[in-house]
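Given next are the chains, with one letter for each unit.
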Amino acid sequence: CHSNNAARVRLWMALKRPGGMGHAIESRMLTYPDLKKADFAAVNPLKKVPALILPDGAPVFESNVILSFLEDKYGDAGPRLTPRTPEGRAAMELLCRVHDLYIASPNTTAPGFSHSQGAMYLSYGWHGPERGMDLPTRAAKIAEIWRQLCWLEAELEASDRRRAMVSRLHLDKFTRDPDAADGPHLLGQLTLADLTWFPTCVFMEFMLPRFFGWPQLFDPAAADPAPTPFPRLAAWYSAMRAEPAVEAVRAEIWAYWEEMEAAGQFKPIVDEIAASADPTLKLTYGVPQAVQLNYQQPPPAGKGTGRDINQPHLG
């Protein structure tokens, strides 16, 4: 249940039609040891989930490929989850591509490499040398997560401006996708981009405030330790959770990570952060940081006291 990439396929199955797609697609849940077995390697040689077996026995893997296939194969089973226009599809593919390249994939099966999201939960102490990482690597990957969330928030803001301009200039009939709506989703209408980002954001919601000191990223009303730096993402996330099928998938992922927290998975990460004396390693973003300044003389009137002032992309 905990894989964010498998969860996006489960979301598609739940949202494509009322009652789900279980009548057409059989699904099975696997544990991590199952992935290492020879029979699963025959389905996905990368030994990862998700994987799909077609009726003729041919395997399909990589979650974005699976979702594209399912939407193409069963597009008429319910509402379209891909835009009809080339412009809309390009926007959707870009959102999915950024997620897969910069957040959710290590782009290699070599030992010692991990995706950016792995910085939130992988460690030498729990996973060993093949999947763990040192603290500087963790800090670099956490910074990458921050950068991509900043990019996604900016994309939503730019999209809002474009939609407002189109409406103001009465250009709707020339540009609007027939299925598009001024809704709460990443592209207005619900698309595969929403299914791609949401499960990963559940990981972030659970881990980044709890273990890294970030604010509650996806709570529009949060104030402690700081308001969310991503108000548009928080509004989107809340709207997604209002759908019962989406909230059910979130609950599955959340329960898994609660179980792993109780088992001690995050303790090595918390301990290594607490033991670090390196002031150059930044792991907390979105929260004002107290900085001790040692001036021989008082600073000039009006002088800024932080090098990252007015640079929100640096956290």
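Just so it is clear, the structure is predicted and the values come from calculations on it, not from any experiment. Residue numbers here run from 1 along each chain, matching the order of that chain's written sequence. Only residues with pLDDT of 70 or above have their local features reported here, since the model is predicted, and side-chain atom pairs are shown and tallied only from 80 upward, although totals for entire chains, interfaces and linings are computed over all residues. By convention in this description, side-chain values take in all heavy atoms of the structure and omit both hydrogens and water.

### Observations regarding the overall build of the protein chain
- Only DSSP runs of H or I reaching four residues or more are called helices, and only runs of E reaching two or more are called strands; each is numbered from the N terminus. Per the secondary structure count, the protein chain includes 12 helices and 2 strands.
- Tracing the protein chain from N to C terminus, the helices and strands come up as α-α-α-β-β-α-α-α-α-α-α-α-α-α.
- A contact between two residues is defined here by any heavy atoms of the two lying within 4.5 Å. A sequence separation of at least 24 residues applies to 65% of the contacts in the protein chain between residues at least 6 apart.
- Summed over its atoms, the accessible surface of the protein chain is roughly 16800 Å², and 55% of this surface lies on carbon and sulfur atoms. All accessible-area figures derive from a Shrake-Rupley calculation using a 1.4 Å probe, and residue coverage is judged against the displayed protein chains alone.

### Details of unusual backbone geometry
- The omega torsion of the bond from aspartate 224 to proline 225 falls at 5 degrees, within 30 degrees of zero and hence cis.
- Structurally, proline 225 can be placed in the loop between helix 9 (192-212) and helix 10 (231-241).
- Positive phi is not limited to glycine here, since glutamate 62 has a value of about 80 degrees.
- Within the secondary structure layout, glutamate 62 lies in the loop between strand 2 (59-61) and helix 4 (63-73).
- For the exposure calls, accessible area comes from a 1.4 Å probe over protein chains only, and a residue counts as buried if that area is under 20% of its type's maximum, exposed if over 50%, partly exposed in between. Note on glutamate 62: relative accessible area 40%, which makes it partly exposed.

### Quick notes on the confidence of the model for the protein chain
- When pLDDT is averaged along the protein chain, the result is 87, and 85% of the positions lie at 70 or above.
- Across the protein chain, element-level confidence peaks in helix 9 with a mean pLDDT of 98 and bottoms out in helix 8 (residues 172-175) with 52. A score from 0 to 100, pLDDT tells how confident the predictor is in each residue.

### Side note on the packing of aromatic side chains
- We call Phe, Tyr and Trp rings a pair once their centres come within 6.5 Å, taking the six-membered ring for Trp, and we label the pair stacked below 30 degrees between planes, edge-to-face above 60, and tilted otherwise. Under the definition given, this model contains 18 aromatic pairs.
- Centroid distance tryptophan 146 to phenylalanine 230: 5.2 Å. Interplanar angle 50 degrees. Geometry classified as tilted. Placement of tryptophan 146 in helix 7 (residues 135-168) and of phenylalanine 230 in the loop between helix 9 and helix 10 is noted, with a sequence separation of 84 residues between them.
- Tryptophan 146 sits in the buried class, given a relative accessible area of 3%.
- Here phenylalanine 230 falls in the buried class, since its relative accessible area comes to 2%.
- Measuring from ring centre to ring centre gives 4.2 Å for phenylalanine 211 and phenylalanine 266, while their planes differ by 15 degrees; the resulting arrangement is stacked. Pair noted here: phenylalanine 211 is in helix 9 and phenylalanine 266 is in the loop between helix 11 (244-263) and helix 12 (267-275), with a separation of 55 residues, a long-range link. Residues phenylalanine 211 and phenylalanine 266 agree in their burial class; the two are buried.
- Through pairs of rings, three or more aromatic residues link up here, namely Tyr121, Phe203, Phe206, Phe211, Trp254, Tyr256, Trp257 and Phe266.
- For the cation-ring pair, arginine 250 lies above tryptophan 254, with the distance from its terminal atom to the ring centre recorded as 4.5 Å.
- The ring of tyrosine 285 has lysine 282 sitting right over it, with the charged end atom 4.6 Å from the ring centre. Here, over-ring charges are defined by two tests on the NZ atom of lysine or the CZ atom of arginine: distance to the ring centre within 6 Å, and angle to the ring normal within 35 degrees.

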